[in-house]
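# Analysis of the macromolecular model
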Amino acid sequence: MKTLAIVGASGHGKVVAEIAELVGWQEVVFFDDAFPTVLSVGEWKVLGTTEDLVSQVDRYSTAIVAIGDNSVRLKKSRYLCSKSLKLATLLHPGSIISKYANVHSGSVVMAGAVINPFTSIGMASIINTGCSVDHDCMVGEGVHISPGVHVAGGVSIGDLSWLGIGSAVKHCVEIGSSVVVGAGAVVVNNIAPNLLVKGIPAK
Ligand SMILES: CC(C)(COP(=O)(O)OP(=O)(O)OC[C@H]1O[C@@H](n2cnc3c(N)ncnc32)[C@H](O)[C@@H]1OP(=O)(O)O)[C@@H](O)C(=O)NCCC(=O)NCCS
């Protein structure tokens, strides 16, 4: 039986679990550090904590972290790799991903998302529902591009940045690491690391 272990029994985890089923995983099980307080999420069982998972690498060889917090997701993804777990890459069958694009392990691309040629998505990132990332973009590790975001061509987005729902980024803009872009913002200038920007134009 082809079983995928998902770390993070959350609402986001439910979306990730369904994508896993759609792309052919026969069984999906969860691990969450809230175990045994949390024993299920949606239709799926929570079998233990992260440590329970890493102690059973022979049984659950492939995993993905479905935790919304970017730094926790990236940290846990790296931890699982260090413990010899393989990270899955989940691409919703209703997403459109160029054959010239690259989506790294531990990342999920959701329904209706479009990723155009020569764009790279770093590990443990979330490319959420109905967003688009145009050509020649460099998206770092542990990034979250929220539903309905539009990223124009040639944009770079640093590690751990979060683009809020419905925001847009003008072509060739450079967004630093750990930046938060507010919902609905329009980014027209480069953004230095660690800033929170919002509004139109985003400031
Ligand atoms: C920008 C954001 C991070 C700010 O969060 P926060 O620091 O908790 O801010 P607050 O809610 O306390 O609001 C502070 C002020 O900013 C304003 N504000 C909040 N979000 C804003 C946004 N996206 N655009 C413009 N103004 C915004 C508030 O109205 C408030 O204004 P006021 O001081 O005049 O009353 C947050 O509002 C946001 O947009 N998050 C994105 C959420 C999202 O995309 N979720 C999708 C997950 S899949």
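Keep in mind it's a predicted model, so treat the numbers as computed, not measured. (Residues numbered from 1 in each chain as written. Predicted model: local features only at pLDDT ≥ 70, side-chain atom pairs only at ≥ 80, totals over all residues. Heavy atoms only, no water.)

### As for the pattern of salt bridges
By the definition in use, this model includes 2 salt bridges. The partner of Asp33 in a salt bridge is Lys76, and the shortest N-O contact between them spans 2.8 Å. One end of the pair, Asp33, is in the loop between β2 (27-31) and β3 (40-41); the other, Lys76, is in helix α3 (residues 70-82), and 43 residues separate them in sequence. On the accessibility criterion, Asp33 (45% relative accessible area) is partly exposed. Taking relative accessible area as the criterion, Lys76 reaches 18% and is therefore assigned buried. As a salt-bridge pair, Arg78 and Glu141 come within 2.6 Å of each other at their nearest N and O atoms. Of the two residues, Arg78 sits in helix α3 while Glu141 sits in the loop between β15 (138-139) and β16 (144-145), which places them 63 residues apart along the sequence. Since its relative accessible area comes to 25%, Glu141 is described here as partly exposed. (Salt bridge = Lys/Arg side-chain N within 4 Å of Asp/Glu carboxyl O. Helix = DSSP H or I, 4+ residues; strand = E, 2+ residues; numbered from the N terminus. Buried < 20%, exposed > 50% of the residue type's maximum accessible area, 1.4 Å probe, protein only.)

### Some thoughts on the environment of Val29
Examined against the element boundaries, Val29 turns out to sit in strand β2. Using a relative accessible area of 5% as the deciding quantity, one classes Val29 as buried. When the C-alpha positions of Val29 and Lys45 are compared, they lie 5.7 Å apart, and in sequence the two are 16 residues distant. Excluding anything up to four places from it in sequence, Val29 contacts Thr3, Leu4, Ala5, Ile6, Lys45, Leu47 and Tyr60. (Contact = heavy atoms within 4.5 Å.)

### So, the side chain of Ser125
Locating Ser125 in the fold gives a position in the loop between β12 (120-121) and β13 (126-127). Within the local environment of Ser125, its side chain forms a polar contact with the backbone nitrogen of Gly142, the two atoms lying 3.4 Å apart. Within the local environment of Ser125, its side chain forms a polar contact with the backbone nitrogen of Val143, the two atoms lying 3.1 Å apart. In this structure Ser125 touches Arg73, Gly106, Ser107, Val108, Gly140, Glu141, Gly142 and Val143, once residues within four positions along its chain are discounted. (Polar contact = N/O pair within 3.5 Å; in protein donor to acceptor, adjacent residues only side chain to side chain.)

So yeah, pure geometry; function would need other evidence.
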